[in-house]
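Each chain is listed here by its residues.
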There are 4 protein chains.
Amino acid sequence: MSSQTPDLKSIVGEIVGDMKKRGDKGKVATYIPELANVDPDMFALVVIDAKGDVAAGGDFETPFSIQSISKVFTLTLALGMVGDRLWRRVGREPSGNPFNSIVQLERERGVPRNPFINAGAIAVTDVIVSGHQPREAIGEILRFMRFLADDHTIAIDRAVADSEKRTGFRNVALANYMKSFGVIENPVDFTLGVYFHHCAISMSCLQLARAGRYLAHSGRNPATGLSVVSPERARRINALMLTCGHYDGSGEFAYRVGLPGKSGVGGGIFAIAPGKASIAVWAPGLDSAGNSHLGRIALETLARRTGWSIFGV
Amino acid sequence: MSSQTPDLKSIVGEIVGDMKKRGDKGKVATYIPELANVDPDMFALVVIDAKGDVAAGGDFETPFSIQSISKVFTLTLALGMVGDRLWRRVGREPSGNPFNSIVQLERERGVPRNPFINAGAIAVTDVIVSGHQPREAIGEILRFMRFLADDHTIAIDRAVADSEKRTGFRNVALANYMKSFGVIENPVDFTLGVYFHHCAISMSCLQLARAGRYLAHSGRNPATGLSVVSPERARRINALMLTCGHYDGSGEFAYRVGLPGKSGVGGGIFAIAPGKASIAVWAPGLDSAGNSHLGRIALETLARRTGWSIFGV
Amino acid sequence: MSSQTPDLKSIVGEIVGDMKKRGDKGKVATYIPELANVDPDMFALVVIDAKGDVAAGGDFETPFSIQSISKVFTLTLALGMVGDRLWRRVGREPSGNPFNSIVQLERERGVPRNPFINAGAIAVTDVIVSGHQPREAIGEILRFMRFLADDHTIAIDRAVADSEKRTGFRNVALANYMKSFGVIENPVDFTLGVYFHHCAISMSCLQLARAGRYLAHSGRNPATGLSVVSPERARRINALMLTCGHYDGSGEFAYRVGLPGKSGVGGGIFAIAPGKASIAVWAPGLDSAGNSHLGRIALETLARRTGWSIFGV
Amino acid sequence: MSSQTPDLKSIVGEIVGDMKKRGDKGKVATYIPELANVDPDMFALVVIDAKGDVAAGGDFETPFSIQSISKVFTLTLALGMVGDRLWRRVGREPSGNPFNSIVQLERERGVPRNPFINAGAIAVTDVIVSGHQPREAIGEILRFMRFLADDHTIAIDRAVADSEKRTGFRNVALANYMKSFGVIENPVDFTLGVYFHHCAISMSCLQLARAGRYLAHSGRNPATGLSVVSPERARRINALMLTCGHYDGSGEFAYRVGLPGKSGVGGGIFAIAPGKASIAVWAPGLDSAGNSHLGRIALETLARRTGWSIFGV
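Rules used in this analysis
- Residues numbered from 1 in each chain as written.
- Chains lettered and ligands numbered in written order.
- Predicted model: local features only at pLDDT ≥ 70, side-chain atom pairs only at ≥ 80, totals over all residues.
- Helix = DSSP H or I, 4+ residues; strand = E, 2+ residues; numbered from the N terminus.
- Contact = placed C-beta atoms within 7 Å.
- Least-squares fit on C-alpha atoms with pLDDT ≥ 70 in both.
- Domains from an automatic or database assignment.
- Nonpolar A, V, L, I, M, F, W, Y, C, P; charged D, E, K, R; others polar.
- Buried ≥ 20, exposed ≤ 12 C-beta atoms within 10 Å, placed from the backbone.
- Pairing = 2+ DSSP bridges.

**What about the overall build of chain A?**
In terms of helices and strands, chain A carries 14 helices and ten strands. Sequence separation of 24 or more characterises 68% of the internal contacts of chain A that already satisfy a separation of 6 or more.

Structure representation (structure tokens):
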């Protein structure tokens, strides 16, 4: 790769240029009003390589709602708190169902398939709450995000959080359903309150790519030198992103892009090339599976041009 | 990796020694009598690196029934015949269900989730049959396997094929079910006959690791210099192995081993480390998800000691 | 029937005697503490024939929690309010699933299969709430029950209602799930509050048999002479009780008893013999499908000895 | 009823007249060519009352393919052979799914929900085959039908049977699926061969109404005086017809018509009014649930005008 590194900035520049020109932008999520208001023409791509060099283009300093991307970081946090005991409450298999499906929960007695579908992420959030007041747990998550990105300006968009609280009936259903099986231990309101808030974290692509560098580099953030998780745990979180990171579009993403990643309905995708780079892309329009349409195409192009696919050159 | 290569033989030797000693061997498949007769103490591991150096241990020249591992090669063959039109008949998403589930077929009008569950592999076989007599299609597949492994002694175990034909009621159900939706085009008997025969191919770990080298090396077999598929297609087959290669244990395999692979109920697992090695392991005892118990543990150890996980060092 | 009427009292007496002696009483529901406290030895049977003669035995004046039996009366009330428009929000088919299943809701976009599973009864309750305060809707339902039974002492057991409110996570899940599809129109808390209260109505077998006489007699209560519903609607409610009145034990109940009926987890069963009698039985112990164990046996015996099965003598 | 009997002929006459005039005839089944060839304008209605008086109109002597109506008679025959042991192989609950669904079989280990969905009827047929050659079992069923109808001209339409054999992939799937769980004991080909043949029995409405009189009259055919089944068993078969006789339209049929009945995709419906009449109707056009469209409307009218609904006057 060393010979290609000089080109990374131009590759990113070309991709951003191409994407800005495209007409097929997908559909901006409308299920909460705050997301629907986002400018559909926004596009950003940031790649931070192993040396810390940043290749960035488009609206890369504009914050957006990271939504389900936050699940990667709450999983990291919960694993740090309870270790492999977490897996008593959530599985590690792709679900083969949409992000908000409740069918599988009935068959498997309230235990969600993996930490990246909504039910699984709510169960992970419940581990973080673990007896604390919602306000404390939200503070804990926010501090963790700021620590990861080494940026104390990261904040939660309360309008988004409140909006989800008012309209997130399906998530209320999922949480109460798990509660009926004892998979949720805290009051449902507490856990959901925290969940809605961490999904409402606002970050720019630059902040996101910085925050996730530990997953590209054996669990250690090269910028700070601080170890976030063990190398083994970093690999395993990456494996979960690859198999489960894009709901029932996970297989397709692995097939086309070939990088571990996690998408959010705000149009962001976080991805990593192990040992090589931390990547964040943002394009608000979504495809039919609820993943960023141009974001996925940009990553597919990036992986092809850099040869970074984990499945071979 | 070059500094580690000298150690590969000793790593393989140690793993084989450890595995031969273990008491927890899983359960040999009994659903067809011929498989139940296999000696549960057999164990073999073969690793062929990029230079063609072979590290092998245990019963690595003993042929066994490759069963579902054949699905990787029939997928390769069918993609060569019809290209991406194949995806009209089979999906690319993990199924989240056991290998022989029929539930998903009803919901999705007879189109199987991916080419590695039984229904999907039968649909892929149907593409290979495509109007030919079963005998011709079987011959075509066998020739392809011999070409890949550069070994003309590879053969089909007719006792196994006949046994599956007599007892494979669930597969007959799956095929007729797809036929009712028009997803199977040839007579069901033809397609199933070919399917049962390619699952009954007998190969040793050495033959298997040789046959699969093209998937580790951008679609080209380094031994013969012949290109089997394009680099892009090789990556994509690898992605499918990672997300779907072990039925409803695929997430677990990715999480623990971190290498694209495909298992068979004969106890074999074929895996690759992109750019680095082609790997075959065989231990007849299975875990509860139907994958080789010691085979998976051996690969987990191998990946850890070589640092070959595609999800990071 | 006139020749049999003299015998009805002795038939009822014998059944009550037999049932009081039996050791197999099933298991009292424990999912809310208030239900678990009920004396498992209680048993009551009341039959009121077309002339108004009452044959009663056991603890027939002891009130118990009617639970899901209330769904018959809320269905009657809602049909009176909106007529056949009700069927836009709830179906009329047996569900083939347990009473609190959520799977079918996902497949059918939030529309419950029938008014007697929990989800369906919640949707019916939502129709009754229709913009009113919960307190008003609860009052409306209670007034309707008192009118039907011509008994102004009927009351709601607030301890039971509060207990369901605190522990009914699965019902909260069902209601929020339907809300996410727009099938519930009022605030979920309102509708569920009313639902929990009407399930917590306490009635004796005598009150229950009196309240339900209109369903045995073409929609008219012979005691008061007042018409409650049209003859056609009475028939149709009876048909729904027969096909859907006992969750996934409905087929078995029809097969064994042959009378339209509705059970509740409090151990009560209300049933009718069209043109002949209104029947209530109570035995707190439940069978595996959640229906009163001795209650069902008592009704089976009653139907056999009277020849009242709707499926022939 | 005696005062109404004089009117029965005119009621039947008026219904036939009305139905012949209607434009909404539903859609003739096309899944096998032989059924698609039927004249969509055919209509017949036959009612035989307790005294044996026949009210008939339309094409009541024209034979048609009784299809699934045969399941009522094979159930009767199998119960006569093995009694309640039959229920080890098939359940008694409505399925809540279409007639040819395979989903429920996977969840319940190959045991079909009831004897009137396809899978259940195949399991019942397997009991009748029980070690005999298909030819013998087919003969047995045909003799039983001729005995019931007291008519030795009843025959099987071999073109229909052959056509189902060639195209009934879904039934082949169901049978093999059950075989994989051991629910089918004979060779699948044997059992399916017999199943396809009894579905291909041709009868006129007059023959059908005669054959089914035992179910209206406590198990005894009033014409021959011969007892076919016990009164209890007759009641129970009637209960199964009511709860399960029309696939996922069973609830609707009970709600609208209120008579136990069984429909077939040939457009026939057999129904009974317990103690009063045996009824057969035929109109080839089907509704969306696969039941005769005008047949159901005719029965609804008949039940309303006679007051025969089992759910009250």
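Here the narrative resumes, following the displayed structure.
**Brief notes about the relation of the copies chain D and chain B**
The transform that puts chain D on chain B rotates by 180° and translates by 0.0 Å along the axis, for an RMSD of 0.0 Å. When the rotation and shift are considered jointly, the pair of chain copies conforms to a two-fold rotation axis. Within chain D, A173 of chain D has its C-alpha nearest the rotation axis, a separation of 1.8 Å. A high fraction, 100%, of the interface residues of chain D reappear at the interface in chain B, so the copies pair face to face through one surface.

**Looking at the domain arrangement of chain A**
Residue and element names in this part refer to chain A. Under the domain assignment, chain A is made up of domain 1 (5-63 + 238-306) and domain 2 (68-201). Its C-alpha centre places domain 1 at a distance of 23 Å from the equivalent point of domain 2. Contact residues are listed per partner, giving 18 residues for domain 1 and 19 residues for domain 2. Mapped by element, the contributors of at least two residues to the side of domain 1 that touches domain 2 are α2 (33-36), α12 (231-244), β7 (261-263) and β8 (268-273). Here the element with the most residues in the side of domain 1 that touches domain 2 is α12; it accounts for four residues.

**A few points about the relation of the copies chain B and chain A**
Turning one copy of the chain about an axis and sliding it along that axis gives the other copy, so a rotation and a shift relate them. For these two chains of identical sequence, chain B goes onto chain A by a turn of 180° and a shift of 0.0 Å along the axis, with RMSD 0.0 Å. Looking at chain B, 100% of its interface residues are interface residues in chain A too, so the copies touch through the same face.

**Digging into the interface of chain D and chain B**
Taken together, the twelve residues of chain D in the interface contact twelve residues of chain B. At the level of elements, α4 (103-107) and α8 (169-180) of chain D are the ones that each hand at least two residues to the side of chain D that touches chain B. Top element by residues in the side of chain D that touches chain B is α8 of chain D. It accounts for eight residues. For the side of chain D that touches chain B, the per-class residue count stands at six nonpolar, three polar and three charged.

**A closer look at the environment of G120 of chain A**
Residues and elements named next belong to chain A. Looking at where G120 falls in the secondary structure, it is placed in helix α5 (residues 118-129). Take G120: there are 27 C-beta atoms within 10 Å of it, and that puts it in the buried class. Distance from G120 to A200, taken between C-alpha atoms, is 17 Å for residues 80 residues apart in sequence. When residues no more than four places from it in sequence are discounted, the contact partners of G120 are V90, P112, R113, N114 and P115.

**Observations regarding the sheet that holds strand β4 (residues 64-65) of chain C**
Note on sheets: strands pair through backbone hydrogen bonds, and any given pair is parallel or antiparallel. All names here are of chain C. The strand order across the open sheet formed by three strands is β4-β6-β5, and the pairing between neighbours is antiparallel. Every interior strand has two partners, whereas the edge strands, β4 and β5 (155-156), have only one. Across two bridges, the pairing between β5 and strand β6 (residues 201-203) is antiparallel. The residue bridging I156 from the neighbouring strand is I201, located in β6.

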